[in-house]
Amino acid sequence: MTGTVYKSTGSWYWVKSNQILYKCRIKGKFRIKGIKSTNPIAVGDKVDFDLETKNNEETGVISNIHERDNYIVRKSVNLSKQTHVIAANIDQVFLLITINNPPTFTTFIDRFLVTTEAYSIKTILVFNKIDSYEIEQRAEVLYLKDIYEKIGYQCIEVSATKDINVDTIKNQMTGKVSMFAGHSGVGKTTLVNAIEPGLDLKTKEISEQYKQGKHTTTFAEMFDLSFDARIIDTPGIKGFGVVDMEKDELGDYFPEFFALKQDCKFNNCIHINEPKCAVKDALEEDKISWSRYKSYMQILEGEEEHYRTDIWE
(Lines give C-alpha, C1' and ligand atoms only; values in the text may rest on other atoms or scores of the structure.)
Protein backbone atom coordinates (compact mmCIF):
# COMPACT_ATOMS: atom_id res chain seq x y z
CA MET A 1 0.00 0.00 0.00
CA THR A 2 1.06 3.59 -0.57
CA GLY A 3 0.15 6.52 1.64
CA THR A 4 1.21 9.85 3.13
CA VAL A 5 2.68 10.29 6.61
CA TYR A 6 0.34 12.48 8.66
CA LYS A 7 1.98 12.21 12.07
CA SER A 8 5.22 10.92 13.57
CA THR A 9 5.98 10.36 17.24
CA GLY A 10 9.49 9.08 16.68
CA SER A 11 8.71 5.37 16.85
CA TRP A 12 5.25 5.23 15.24
CA TYR A 13 3.95 6.86 12.08
CA TRP A 14 0.34 7.48 11.15
CA VAL A 15 0.01 6.95 7.40
CA LYS A 16 -3.12 7.89 5.45
CA SER A 17 -4.12 5.74 2.50
CA ASN A 18 -7.56 5.80 0.85
CA GLN A 19 -8.84 8.08 3.64
CA ILE A 20 -7.87 5.55 6.34
CA LEU A 21 -5.13 6.19 8.93
CA TYR A 22 -2.82 3.27 9.61
CA LYS A 23 -0.43 3.05 12.56
CA CYS A 24 2.95 2.05 11.10
CA ARG A 25 6.53 1.43 12.14
CA ILE A 26 9.67 1.32 10.05
CA LYS A 27 11.94 -1.57 9.25
CA GLY A 28 15.20 -1.54 11.16
CA LYS A 29 17.23 -1.02 7.99
CA PHE A 30 16.09 2.60 7.78
CA ARG A 31 17.96 3.32 11.00
CA ILE A 32 21.31 2.18 9.59
CA LYS A 33 21.17 3.62 6.08
CA GLY A 34 23.55 6.40 7.02
CA ILE A 35 20.76 8.97 7.26
CA LYS A 36 22.11 11.64 9.56
CA SER A 37 18.64 12.90 10.36
CA THR A 38 17.16 12.10 13.76
CA ASN A 39 13.98 11.17 11.90
CA PRO A 40 14.40 9.17 8.67
CA ILE A 41 10.70 9.65 7.86
CA ALA A 42 8.91 13.00 8.19
CA VAL A 43 5.34 14.24 8.00
CA GLY A 44 4.44 14.71 4.34
CA ASP A 45 6.55 11.80 3.12
CA LYS A 46 5.02 9.38 0.63
CA VAL A 47 5.72 5.80 1.74
CA ASP A 48 4.97 2.19 0.82
CA PHE A 49 3.86 -0.10 3.63
CA ASP A 50 2.59 -3.62 4.27
CA LEU A 51 -0.09 -4.53 6.78
CA GLU A 52 0.40 -7.22 9.40
CA THR A 53 -1.75 -8.48 12.27
CA LYS A 54 -0.34 -9.28 15.71
CA ASN A 55 -2.39 -9.90 18.84
CA ASN A 56 -5.53 -8.93 16.95
CA GLU A 57 -4.05 -5.52 16.12
CA GLU A 58 -3.46 -4.48 12.52
CA THR A 59 -0.40 -2.30 11.99
CA GLY A 60 1.75 -1.37 9.03
CA VAL A 61 5.45 -1.82 8.30
CA ILE A 62 6.96 0.91 6.12
CA SER A 63 9.20 -0.61 3.48
CA ASN A 64 10.04 2.30 1.19
CA ILE A 65 10.19 6.10 1.20
CA HIS A 66 9.43 7.83 -2.10
CA GLU A 67 11.77 10.51 -3.36
CA ARG A 68 10.90 13.89 -1.84
CA ASP A 69 9.96 16.93 -3.95
CA ASN A 70 11.43 19.07 -1.17
CA TYR A 71 11.82 19.17 2.59
CA ILE A 72 12.73 21.61 5.31
CA VAL A 73 15.53 20.70 7.66
CA ARG A 74 17.38 22.22 10.61
CA LYS A 75 20.11 21.19 13.01
CA SER A 76 18.88 19.19 15.96
CA VAL A 77 18.78 21.22 19.15
CA ASN A 78 20.90 18.91 21.27
CA LEU A 79 22.67 16.85 18.62
CA SER A 80 24.61 19.40 16.60
CA LYS A 81 25.97 16.86 14.10
CA GLN A 82 22.53 15.55 13.29
CA THR A 83 19.69 17.17 11.44
CA HIS A 84 15.94 17.10 11.90
CA VAL A 85 13.61 17.03 8.92
CA ILE A 86 10.61 19.10 9.98
CA ALA A 87 8.35 18.16 7.05
CA ALA A 88 8.50 17.03 3.43
CA ASN A 89 6.69 17.66 0.14
CA ILE A 90 5.47 21.12 1.10
CA ASP A 91 3.91 23.63 -1.32
CA GLN A 92 4.42 26.65 0.93
CA VAL A 93 5.36 27.74 4.43
CA PHE A 94 3.71 30.42 6.52
CA LEU A 95 6.30 31.75 8.98
CA LEU A 96 4.50 33.42 11.87
CA ILE A 97 6.23 36.44 13.39
CA THR A 98 5.38 38.41 16.52
CA ILE A 99 7.13 41.56 17.72
CA ASN A 100 7.11 41.19 21.50
CA ASN A 101 4.76 38.46 22.53
CA PRO A 102 7.10 36.54 22.11
CA PRO A 103 9.80 38.44 20.15
CA THR A 104 10.86 37.10 16.74
CA PHE A 105 14.31 38.38 15.76
CA THR A 106 15.56 38.94 12.23
CA THR A 107 18.35 36.38 12.72
CA PHE A 108 15.72 33.66 13.13
CA ILE A 109 13.65 34.92 10.19
CA ASP A 110 16.71 35.06 7.92
CA ARG A 111 17.97 31.59 8.86
CA PHE A 112 14.55 30.18 8.18
CA LEU A 113 14.34 31.93 4.80
CA VAL A 114 17.82 30.77 3.78
CA THR A 115 16.73 27.19 4.38
CA THR A 116 13.47 27.49 2.46
CA GLU A 117 15.30 29.24 -0.41
CA ALA A 118 17.84 26.41 -0.51
CA TYR A 119 15.07 23.82 -0.80
CA SER A 120 12.91 25.93 -3.16
CA ILE A 121 9.94 26.27 -0.81
CA LYS A 122 7.79 29.39 -1.11
CA THR A 123 7.62 31.25 2.22
CA ILE A 124 5.06 33.83 3.28
CA LEU A 125 5.73 36.01 6.32
CA VAL A 126 2.72 36.34 8.61
CA PHE A 127 2.84 39.15 11.17
CA ASN A 128 0.43 37.87 13.77
CA LYS A 129 -1.31 39.52 16.75
CA ILE A 130 -1.40 42.93 15.02
CA ASP A 131 -4.47 43.88 17.07
CA SER A 132 -2.34 43.86 20.24
CA TYR A 133 0.42 46.28 19.17
CA GLU A 134 1.06 49.79 20.41
CA ILE A 135 2.57 52.46 18.12
CA GLU A 136 6.19 51.28 18.59
CA GLN A 137 5.41 47.65 17.78
CA ARG A 138 3.28 48.71 14.84
CA ALA A 139 6.23 50.73 13.48
CA GLU A 140 8.44 47.66 13.87
CA VAL A 141 6.00 45.59 11.81
CA LEU A 142 6.03 48.20 9.03
CA TYR A 143 9.84 48.37 9.15
CA LEU A 144 10.20 44.59 8.82
CA LYS A 145 7.57 44.41 6.09
CA ASP A 146 9.50 47.03 4.14
CA ILE A 147 12.72 44.97 4.38
CA TYR A 148 11.20 41.70 3.25
CA GLU A 149 8.71 42.98 0.67
CA LYS A 150 11.55 44.76 -1.14
CA ILE A 151 13.32 41.41 -1.43
CA GLY A 152 10.19 39.80 -2.84
CA TYR A 153 8.61 38.03 0.12
CA GLN A 154 4.87 38.36 0.59
CA CYS A 155 3.97 39.75 4.02
CA ILE A 156 0.51 39.51 5.57
CA GLU A 157 -0.67 41.22 8.75
CA VAL A 158 -3.01 38.96 10.68
CA SER A 159 -4.99 38.74 13.87
CA ALA A 160 -6.37 35.27 14.47
CA THR A 161 -8.43 36.46 17.44
CA LYS A 162 -9.95 39.44 15.61
CA ASP A 163 -10.35 37.64 12.27
CA ILE A 164 -8.12 40.08 10.38
CA ASN A 165 -6.87 38.67 7.05
CA VAL A 166 -7.63 35.08 8.09
CA ASP A 167 -9.50 34.63 4.79
CA THR A 168 -6.43 35.90 2.92
CA ILE A 169 -4.40 33.06 4.44
CA LYS A 170 -7.21 30.60 3.76
CA ASN A 171 -7.43 31.56 0.08
CA GLN A 172 -3.71 31.04 -0.39
CA MET A 173 -3.91 27.61 1.23
CA THR A 174 -6.60 26.26 -1.10
CA GLY A 175 -5.37 23.31 -3.13
CA LYS A 176 -1.99 23.21 -1.38
CA VAL A 177 -0.02 21.58 1.42
CA SER A 178 0.98 24.41 3.76
CA MET A 179 3.27 24.29 6.76
CA PHE A 180 2.90 26.71 9.68
CA ALA A 181 6.09 27.49 11.61
CA GLY A 182 7.48 29.94 14.13
CA HIS A 183 8.51 30.24 17.76
CA SER A 184 6.33 28.78 20.51
CA GLY A 185 3.65 31.29 21.43
CA VAL A 186 3.41 33.19 18.12
CA GLY A 187 -0.14 31.95 17.65
CA LYS A 188 0.18 29.13 15.12
CA THR A 189 -2.45 26.96 16.76
CA THR A 190 -4.84 29.87 17.33
CA LEU A 191 -4.55 30.80 13.65
CA VAL A 192 -5.12 27.21 12.54
CA ASN A 193 -8.25 27.08 14.72
CA ALA A 194 -9.46 30.37 13.19
CA ILE A 195 -8.94 28.93 9.69
CA GLU A 196 -10.62 25.62 10.55
CA PRO A 197 -12.59 25.87 13.83
CA GLY A 198 -13.56 22.22 13.69
CA LEU A 199 -10.00 21.10 14.41
CA ASP A 200 -10.12 22.62 17.92
CA LEU A 201 -6.37 22.27 18.50
CA LYS A 202 -5.12 22.96 22.02
CA THR A 203 -3.56 26.32 22.86
CA LYS A 204 -1.82 27.65 25.94
CA GLU A 205 -1.24 31.12 27.28
CA ILE A 206 2.04 33.00 26.94
CA SER A 207 4.23 32.83 30.04
CA GLU A 208 4.21 36.37 31.43
CA GLN A 209 7.53 35.83 33.20
CA TYR A 210 9.59 35.43 30.04
CA LYS A 211 7.12 36.36 27.29
CA GLN A 212 7.64 32.86 25.99
CA GLY A 213 5.30 30.38 24.47
CA LYS A 214 4.64 27.01 25.97
CA HIS A 215 4.83 24.10 23.57
CA THR A 216 1.37 22.88 22.64
CA THR A 217 2.30 20.92 19.51
CA THR A 218 4.72 18.15 20.47
CA PHE A 219 5.10 16.60 17.02
CA ALA A 220 4.50 17.84 13.50
CA GLU A 221 1.12 16.74 12.24
CA MET A 222 -0.82 17.09 9.00
CA PHE A 223 -4.54 17.81 8.87
CA ASP A 224 -7.04 17.68 6.00
CA LEU A 225 -9.13 20.83 5.93
CA SER A 226 -12.68 21.33 4.71
CA PHE A 227 -11.76 23.64 1.83
CA ASP A 228 -9.42 21.44 -0.26
CA ALA A 229 -6.26 22.20 1.71
CA ARG A 230 -3.84 20.40 3.98
CA ILE A 231 -1.88 21.95 6.80
CA ILE A 232 1.20 20.80 8.67
CA ASP A 233 1.24 22.19 12.20
CA THR A 234 4.73 22.11 13.73
CA PRO A 235 6.16 22.37 17.25
CA GLY A 236 7.51 25.78 18.22
CA ILE A 237 11.06 26.24 16.97
CA LYS A 238 13.41 27.98 19.39
CA GLY A 239 16.50 28.22 17.19
CA PHE A 240 17.17 27.44 13.57
CA GLY A 241 20.53 25.89 12.74
CA VAL A 242 21.32 26.15 9.03
CA VAL A 243 22.46 22.86 7.54
CA ASP A 244 25.10 22.04 4.92
CA MET A 245 25.67 25.45 3.35
CA GLU A 246 28.89 26.05 1.45
CA LYS A 247 30.38 29.50 1.94
CA ASP A 248 30.37 30.34 -1.75
CA GLU A 249 26.69 29.35 -2.18
CA LEU A 250 25.20 30.96 0.93
CA GLY A 251 24.76 34.35 -0.76
CA ASP A 252 22.67 32.69 -3.48
CA TYR A 253 19.96 32.06 -0.86
CA PHE A 254 19.73 35.77 -0.05
CA PRO A 255 17.74 36.91 -3.13
CA GLU A 256 18.95 40.52 -2.92
CA PHE A 257 22.59 39.34 -2.81
CA PHE A 258 22.05 36.89 -5.66
CA ALA A 259 20.59 39.66 -7.84
CA LEU A 260 23.83 41.65 -7.48
CA LYS A 261 26.28 38.77 -7.72
CA GLN A 262 26.95 39.23 -11.44
CA ASP A 263 28.16 42.79 -10.75
CA CYS A 264 30.86 41.67 -8.30
CA LYS A 265 34.42 41.74 -9.67
CA PHE A 266 35.02 38.11 -8.69
CA ASN A 267 32.52 35.40 -9.59
CA ASN A 268 33.31 33.56 -6.34
CA CYS A 269 32.89 36.71 -4.21
CA ILE A 270 31.57 35.99 -0.72
CA HIS A 271 30.95 39.68 -0.01
CA ILE A 272 33.34 40.26 2.87
CA ASN A 273 36.67 41.89 1.97
CA GLU A 274 36.80 41.46 -1.80
CA PRO A 275 37.34 44.63 -3.89
CA LYS A 276 34.54 45.94 -6.10
CA CYS A 277 31.88 43.88 -4.36
CA ALA A 278 28.42 44.92 -5.54
CA VAL A 279 26.79 43.63 -2.36
CA LYS A 280 29.07 45.67 -0.08
CA ASP A 281 28.53 48.74 -2.28
CA ALA A 282 24.75 48.30 -2.05
CA LEU A 283 25.07 47.88 1.71
CA GLU A 284 26.93 51.18 2.03
CA GLU A 285 24.25 52.87 -0.06
CA ASP A 286 21.49 51.43 2.20
CA LYS A 287 20.07 49.42 -0.69
CA ILE A 288 20.51 46.23 1.35
CA SER A 289 19.35 45.83 4.92
CA TRP A 290 22.12 45.75 7.55
CA SER A 291 20.16 43.22 9.57
CA ARG A 292 20.13 40.87 6.57
CA TYR A 293 23.88 41.31 6.07
CA LYS A 294 24.49 40.68 9.78
CA SER A 295 22.51 37.43 9.54
CA TYR A 296 24.52 36.46 6.45
CA MET A 297 27.81 37.04 8.27
CA GLN A 298 26.70 35.06 11.32
CA ILE A 299 25.76 32.07 9.19
CA LEU A 300 28.93 32.40 7.11
CA GLU A 301 31.09 32.40 10.22
CA GLY A 302 29.27 29.41 11.64
CA GLU A 303 27.82 31.24 14.61
CA GLU A 304 24.84 29.71 16.30
CA GLU A 305 21.73 31.83 16.47
CA HIS A 306 21.78 34.07 19.53
CA TYR A 307 18.90 33.56 21.89
CA ARG A 308 18.55 33.36 25.63
CA THR A 309 18.43 29.72 26.63
CA ASP A 310 16.35 30.57 29.68
CA ILE A 311 13.55 31.88 27.48
CA TRP A 312 12.89 29.15 24.94
CA GLU A 313 11.88 25.71 26.04
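Residues numbered from 1 in each chain as written. Predicted model: local features only at pLDDT ≥ 70, side-chain atom pairs only at ≥ 80, totals over all residues. Heavy atoms only, no water.

Some remarks on the overall build of the protein chain
Next up, step 1: Check the secondary structure of the protein chain and you find 8 helices and 13 strands.
Next up, step 2: Taking all 313 residues of the protein chain together, 50% fall into the buried category.
Next up, step 3: The contacts in the protein chain between residues at least 6 apart in sequence include a share of 65% that link residues at least 24 apart.
Next up, step 4: Total accessible area on the protein chain is roughly 15,600 Å²; 45% of this is exposed by carbon and sulfur atoms. (Helix = DSSP H or I, 4+ residues; strand = E, 2+ residues; numbered from the N terminus. Buried < 20%, exposed > 50% of the residue type's maximum accessible area, 1.4 Å probe, protein only. Contact = heavy atoms within 4.5 Å. Areas by Shrake-Rupley, 256 points an atom, 1.4 Å probe, with all protein chains shown as cover.)

Let's talk about the pairing of strand β3 (residues 20–26)
Next up, step 1: In terms of strand pairing, strand β2 (residues 13–17) meets β3 through 5 bridges, oriented antiparallel. Counterpart to Ser17 in the pairing with β3 is Ile20.
Next up, step 2: What sits between the antiparallel neighbours β2 and β3 is a turn of 2 residues, in which Asn18 has the positive phi angle 50 degrees.
Next up, step 3: Two strands pair when backbone bridges link them, and β3 and strand β5 (residues 57–65) are joined in this way by 3 bridges, in the parallel orientation. Looking at β5, one finds that Ile26 is bridged to Ile62. (Pairing = 2+ DSSP bridges.)

What about the nonpolar core?
Next up, step 1: Counting 32 residues, the largest nonpolar core has Leu95, Leu125, Tyr148, Met179 and Ile232 as its most contacted members.
Next up, step 2: At the level of secondary structure, the elements contributing two or more residues to this core comprise β7 (83–88), β8 (92–97), α1 (106–118), β9 (122–127), α2 (135–151) and β11 (177–181).
Next up, step 3: Here this core takes 5 residues from α2, the largest share from any one element.
Next up, step 4: Among residues more than four places away in sequence, those in contact with Ile232 are Val43, Ala87, Val177, Ser178, Met179, Phe180, Ala220, Glu221 and Met222.
Next up, step 5: Within the second largest apolar cluster, 20 residues are counted, among which are Val126, Val166, Ile169 and Met173. (Core = buried A, V, L, I, M, F, W, Y, C linked by side-chain atoms within 4.5 Å.)

Points about the pairing of β8
Looking down a regular strand, the side chains alternate between one sheet face and the other.
Next up, step 1: Taking burial as the measure, the 6 residues of β8 include 6 buried ones, the bulk of the element.
Next up, step 2: Side chains of β8 alternate between two faces, with Gln92, Phe94 and Leu96 and Val93, Leu95 and Ile97 buried alike.
Next up, step 3: Two strands pair when backbone bridges link them, and β8 and β9 are joined in this way by 6 bridges, in the parallel orientation. If you follow Leu96 over to β9, its bridge partner there is Val126.
Next up, step 4: Where the polypeptide runs from β8 across α1 and back to β9, its parallel neighbour, the crossover connection is right-handed.
Next up, step 5: Bridge count between β8 and β11: 4 bridges; the pairing is parallel. Counted as the bridge partner of Val93 is Met179 from β11. (Right-handed = clockwise from strand over helix to strand, strands pointing away.)

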